[in-house]
Amino acid sequence: MIDAAGVEHAPAGPDGRIVCLVPSITELLCDLGLSTQLVGRTGFCIHPADVVKTIPKVGGTKDVKLDRIRELAPTHVVVNVDENRIEDVEELARFAEIVVTHPLGPLDNPPLYRLLGGIFGREQEAEELCARFEATLAEVAATARPERDVLYLIWREPWMTVSRDTYIARTLELVGWRTTPAESDERYPTVELPHDGAGVDLVLLPSEPYRFRAKHVPALEDLLPHAQVSLIDGEATSWYGSRAIAGIREVARLADELSRG
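For every chain, the first residue of the written sequence is number 1, and numbering continues from 1 onward in sequence order. Totals for whole chains, interfaces and linings use all residues, but because this is a predicted model, local features are given only for residues with pLDDT of at least 70 and pairs of side-chain atoms are given and counted only at 80 or more. Side-chain numbers come from the whole structure's heavy atoms, not from hydrogens or water.

## Let's talk about the overall build of the protein chain
Short version of the rule: Here a helix means four or more residues in a row that DSSP labels H or I, a strand means two or more in a row labelled E, and each is numbered from the N terminus. Every radius of gyration here is taken over C-alpha atoms, with the globule rule written as 2.2 Å times N^0.38, N being the number of residues. Note on contacts: a residue pair is in contact if any heavy atoms of the two residues lie within 4.5 Å. The Shrake-Rupley method, run with a 1.4 Å probe, gives the accessible areas here. Residue values count only the displayed protein chains as cover. In this count, Lys and Arg are taken as positive residues and Asp and Glu as negative ones, while His and the chain termini are left out. Charge positions come from single atoms, namely NZ of Lys, CZ of Arg, CG of Asp or CD of Glu.
The secondary structure content of the protein chain amounts to 10 helices and 9 strands. Relative to its length of 261 residues, the protein chain is compact, with a C-alpha radius of gyration of 19 Å against a globular reference of 18 Å. Taken along its principal axes, the extent of the C-alpha atoms in the protein chain is 60 × 40 × 35 Å. Long-range pairs, those at least 24 residues apart, make up 62% of the contacts in the protein chain with a sequence separation of at least 6. With an accessible surface of roughly 12,200 Å², the protein chain has 51% of that area assigned to carbon and sulfur atoms. Of note, the protein chain has its 27 positive side-chain charges centred 6 Å away from the centre of its 42 negative side-chain charges.

Right, dumping it as structure tokens:
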């Protein structure tokens, strides 16, 4: 099994002890049946709530407590290129095997399931997740939807959005939503409103990383009166792993609802 860093991993065996520093992958590991082998997780690893509450916290995704992880004696630490700091990963590699992940779009989920299922002896569970994922993709693709130009805001003060070279943008593409700007040198560019929203007909306000709420909608409607403004579940668009199955379905549901006006 070869991870996103090109490193080949041998099967871990039943005695593998896992620390996961990636919230969505902590949930995936649980859904693969590996919760009893999870010995550490970040404070942002919140799903499934009834399971992770018993797993020790080791800090955040970018401020991990290295000494605490060392105490937990993991055999493997699961990290992500975007979520975790290279300095922390290099230090962790001194005492544990590092499994690097880097999903760039929804279609990277089945390989992710198979990577972790293969390393940790959950091949059958991984294939079951792959089947569910493929069925969801087929279900979503079966409905023709109008293409829309979308501004997906992730922050305010300043306003920030996502480039098309992100997992979020590629998730939105599944329902015909094209993110603005069309080109950007940054993955998460700052935008000036109303100028940079002139060509969009839909503004999406997610629940994370900035927690947009209903009270924020009127301000965007005033700034961009030509566009429809809607809240959206940020986990549905940005969480890869097993949550992507329900997430893609939720994005499609919202797309259908908004297209009806």
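## Quick look at the pairing of strand β9 (residues 228-232)
Working note: regular strand, side chains alternate between the two faces of the sheet. Applicable threshold: Two strands are counted as paired when DSSP detects at least two bridges linking them. Viewed with both strands pointing away, a crossover whose connecting path from the first strand over the helix to the second turns clockwise is right-handed.
Where strand β8 (residues 202-206) meets β9, 5 bridges bridge the pair, whose relative direction is parallel. When the sheet's bridge partners are listed, L202 is paired in β9 with Q228. Note on the crossover from β8 through helix α8 (residues 217-223) to β9: the handedness is right-handed.

## Here's the deal with the sheet that holds strand β2 (residues 38-41)
Here is the rule: Axes here mean lines fitted to C-alpha atoms, for a helix over just the part in contact, with angles spanning 0 to 180 degrees between N-to-C directions.
The strand order across the open sheet formed by 4 strands is β2-β1-β3-β4, and the pairing between neighbours is parallel. Edge positions in the sheet fall to β2 and β4 (97-101), since each has one partner strand and no second. Going across the sheet, the axis of each strand differs from the next one's by a mean of 20°, ignoring polarity. Relative to β2, strand β1 (residues 18-20) runs parallel, the two sharing 3 bridges.

## Focus on the nonpolar core
Inclusion rule: Put simply, a nonpolar core is a bunch of buried Ala, Val, Leu, Ile, Met, Phe, Trp, Tyr and Cys residues held in one set by side-chain atoms that sit within 4.5 Å of each other. Throughout this description, buried means an accessible area under 20% of the type-specific maximum (1.4 Å probe, protein chains only), exposed means over 50%, and partly exposed covers the range between.
I25, L29, Y113, L116, Y152, W177 and L204 are the most contacted members of the largest nonpolar core, which totals 48 residues. Among the elements of the structure, β1, α1 (23-31), α5 (109-119), α6 (123-141), β5 (148-155), α7 (167-173), β8 and α10 (243-259) are those that each provide at least two residues to this core. A total of 8 residues in this core trace back to one element, the largest contributor, which is α10. In contact with I25, other than residues within four places in its own chain, are C20, V78, T101, L112, L116 and Y240. Counting residues in each nonpolar core, the second largest holds 15 residues, with L151, V200, Y210 and A227 among its members.

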